[in-house]
Amino acid sequence: MRRLSLAGRIKERIGNMVLAKRSSDNQLTLPQAVVELLGPADVYAVICEEGRIVITPISSSAASAVRSRLEEQGLREEEGLREEEVVDAVRWARQA
């Protein structure tokens, strides 16, 4: 039996592309087929990469670790965060 990458499983299940429409308040609804393959998550990491939006589900424990790390550094989302600060906190949480 061959093992497919996550991208391969998504492509096999739903084809090359699924469209998501942006609402007037900048919200996207994830297609059900994508959620079924990835599993539900309450928090997603969102980055822009080479003209693409990359959305990665984050486990609730990892999200809590990132928030804790940011708070330890005196950084609050309400006050605005720089991308580098979030990336550093995510790296730290992944190593923990």
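Quick caveat: nothing in here was measured; it's all calculated off a predicted structure.

Right, let's get into a nonpolar patch on the surface. Residues L28, L30, V46, I53 and I55 make up a contiguous nonpolar surface patch of roughly 420 Å² in combined accessible area. On the basis of relative accessibility, which here comes to 34%, the residue I55 falls in the partly exposed class.

Let us now look at the confidence of the model for the protein. For the protein, per-residue confidence averages 80 on the pLDDT scale, and 86% of positions sit at 70 or higher. The secondary-structure element of the protein with the lowest mean pLDDT is helix α1 (residues 6–14), recorded at 67, while strand β1 (residues 43–49) shows the highest, at 84.

This part covers unusual backbone geometry. Of note, N26 is a non-glycine position whose phi angle comes to about 65°, a positive value. Here N26 is to be found in the loop between α1 and α2 (32–38). Its identity as a non-glycine residue notwithstanding, E50 has a phi of 50°, on the positive side. Here E50 shows up in the loop between β1 and β2 (52–58).

Quick notes on the rules
Residues numbered from 1 in each chain as written. Predicted model: local features only at pLDDT ≥ 70, side-chain atom pairs only at ≥ 80, totals over all residues. Heavy atoms only, no water. Patch = residues over 30% accessible without salt bridge, like charges linked within 9 Å, V, L, I, M, F, W, Y side chains within 5 Å. Areas by Shrake-Rupley, 256 points an atom, 1.4 Å probe, with all protein chains shown as cover. Salt bridge = Lys/Arg side-chain N within 4 Å of Asp/Glu carboxyl O. Buried < 20%, exposed > 50% of the residue type's maximum accessible area, 1.4 Å probe, protein only. pLDDT = per-residue confidence, 0-100. Helix = DSSP H or I, 4+ residues; strand = E, 2+ residues; numbered from the N terminus.

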